[in-house]
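Results of the structural survey
So you can see what is in the structure, the chains are spelled out below.
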Amino acid sequence: MEKILMGECLCGSIKFSVKDSFRAFYQCHCKQCQQLTGSAFASNILTDPDNIEWITGQRKTTNYVHPSRDFSKSFCTTCGSAVPFINKSKTSLIVPAGSLNTLPDIQPQANIFTSEKACWLKPGLRAPDFTGFPE
Ligand SMILES: [Zn+2]
Ligand SMILES: [Zn+2]
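Residues numbered from 1 in each chain as written. Chains lettered and ligands numbered in written order. Predicted model: local features only at pLDDT ≥ 70, side-chain atom pairs only at ≥ 80, totals over all residues. Heavy atoms only, no water.

Attention now goes to the overall build of the protein. On a plain count of helices and strands, the protein comes out with two helices and 11 strands. Secondary structure elements of the protein occur, N-terminal to C-terminal, as β-β-β-α-β-β-β-β-β-β-β-β-α. Taken over the C-alpha trace, the protein has a radius of gyration of 15 Å; the compact-globule value for 135 residues is 14 Å, and the two agree within 12%. Taken along its principal axes, the extent of the C-alpha atoms in the protein is 40 × 40 × 30 Å. (Helix = DSSP H or I, 4+ residues; strand = E, 2+ residues; numbered from the N terminus. Rg over C-alpha atoms; globule rule 2.2 N^0.38 Å.)

Structure (structure tokens):
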């Protein structure tokens, strides 16, 4: 039997489950993903459009669709966390990797739109690690 993965937004208003059956895992470095996440890249896992059970809070989701690019995002209206959504062409459910509480079997397969990579990503990866705030 397939493993079931649980996911939720930060404030807990939205909870869902998905079957651990994904076909792609991309880290997108485009400028739009940097703006939407406030970070260097978006980590998205693709699956079939019907692979989701909304447990609670589906009506707390809202959607932004970019006017010109084939680009959208769903998020919690309370905390702004990225939550799963079906793409414009309705071929895939896009699951933001950070919304999952359980580890999927699939690993990141590709970094995409790397020509737009944040100029601070590489220096950031070389910076020292701290388990909490630096002392
Ligand atoms: Zn939330
Ligand atoms: Zn992107």
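The next subject is the sheet that holds strand E11 (residues 110–112). Read across the open sheet, the five strands follow the order E9-E10-E4-E3-E11; overall the sheet is mixed. Two strands in the sheet have a free side with no partner beyond their single neighbour: strand E9 (85–86) and E11. With four bridges connecting them, strand E4 (residues 42–47) and strand E10 (residues 93–96) associate as antiparallel partners. Along E10, the bridge assignment pairs Leu46 with Ile94. (Pairing = 2+ DSSP bridges.)

With that settled, the discussion passes to the coordination of the zinc ion (ligand 1). Each angle at a metal carrying four tetrahedral donors should ideally be 109.5 degrees, and each at a metal carrying six octahedral donors should ideally be 90 or 180 degrees. Here the zinc ion (ligand 1) is held by the protein donor atoms Cys9 (SG), Cys11 (SG), Cys76 (SG) and Cys79 (SG), which lie 2.3 to 2.4 Å from it. In the primary structure, the donors to the zinc ion (ligand 1) are separated according to the pattern C-x1-C-x64-C-x2-C. For Cys9, a relative accessible area of 2% puts it in the buried group. (Donors = N, O, S within 2.8 Å, 3.2 Å for Na, K, Ca; no water. Buried < 20%, exposed > 50% of the residue type's maximum accessible area, 1.4 Å probe, protein only.)

Turning our attention to the sheet that holds strand E2 (residues 15–19). What the three strands build is an open sheet, ordered E1-E2-E5; its pairing is antiparallel. With partners counted over all chains shown, the strands left at the sheet margins are strand E1 (4–8) and strand E5 (53–56), one partner each. Each strand of the sheet is rotated relative to its neighbour by a mean of 25°, with strand direction disregarded. In this sheet, E5 lies alongside E2 in antiparallel orientation, the contact comprising three bridges. Of the residues in E5, the one forming a bridge with Phe16 is Trp54. (Axes fitted to C-alpha atoms, helices over the stretch in contact; angles between N-to-C directions.)

Now for the coordination of the zinc ion (ligand 2). Cys28 (SG), Cys30 (SG) and Cys33 (SG) make up the full set of protein donors to the zinc ion (ligand 2), lying at 2.1 to 2.3 Å. Site description for the zinc ion (ligand 2): donor spacing in sequence, C-x1-C-x2-C. Neither residue differs from the other here; Cys30 and Cys33 are each classed as buried.

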